[in-house]
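Report on the structure
Here are the chains, one letter per residue:
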Amino acid sequence: MSPKSVSPSEQRKALTVEQKKDKQTIRKLERELKRKDKALAETAALLVLTKKAREIWGEPEDD
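With 50 residues, helix α1 (residues 8-57) ought to run about 74 Å at 1.5 Å a step, and its terminal C-alpha atoms sit 72 Å apart, in line with that. Of the residues trailing α1, Gly 58 is marked for its positive phi of about 85 degrees.

What follows deals with the pattern of salt bridges. By the definition in use, this model includes two salt bridges. Two residues, Glu 32 and Lys 36, come together in a salt bridge whose shortest N-O distance is 3.0 Å. One end of the pair, Glu 32, and the other, Lys 36, are both in helix α1, four residues apart, so they sit about a helical turn from each other. Take Lys 36: its relative accessible area is 46%, and that puts it in the partly exposed class.

Turning next to a positive patch on the surface. On the surface, a cluster of positive charge is contributed by Lys 20, Lys 23, Arg 27, Lys 28 and Arg 31. Note on placement: Arg 27 falls in helix α1.

Within the secondary structure, Arg 12 is located in helix α1. The class for Arg 12 is exposed, based on a relative accessible area of 53%. Along the chain, Arg 12 and Glu 32 lie 20 residues apart, while their C-alpha atoms are 30 Å from each other.

Parameters and conventions
Residues numbered from 1 in each chain as written. Predicted model: local features only at pLDDT ≥ 70, side-chain atom pairs only at ≥ 80, totals over all residues. Heavy atoms only, no water. Helix = DSSP H or I, 4+ residues; strand = E, 2+ residues; numbered from the N terminus. Expected span 1.5 Å × (residues − 1). Salt bridge = Lys/Arg side-chain N within 4 Å of Asp/Glu carboxyl O. Buried < 20%, exposed > 50% of the residue type's maximum accessible area, 1.4 Å probe, protein only. Patch = residues over 30% accessible without salt bridge, like charges linked within 9 Å, V, L, I, M, F, W, Y side chains within 5 Å. Areas by Shrake-Rupley, 256 points an atom, 1.4 Å probe, with all protein chains shown as cover. Lys, Arg positive; Asp, Glu negative; His and termini not counted. Charge placed at Lys NZ, Arg CZ, Asp CG, Glu CD.

These results come straight from atomic positions and should not be treated as a statement about function.
In structure tokens:
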């Protein structure tokens, strides 16, 4: 049995479909990275603010 030959137009179409999927995956990963980067920046800012607040007012008292 010989392997089925694929025409050049079918190869281009398959490549185009694969490239489209790759672009979608890249966009998804970039959005996820941007979201995580924002969350990390927010966490860092809260940490700095918490540290500064403790320097100013001291540790909170437990009742």
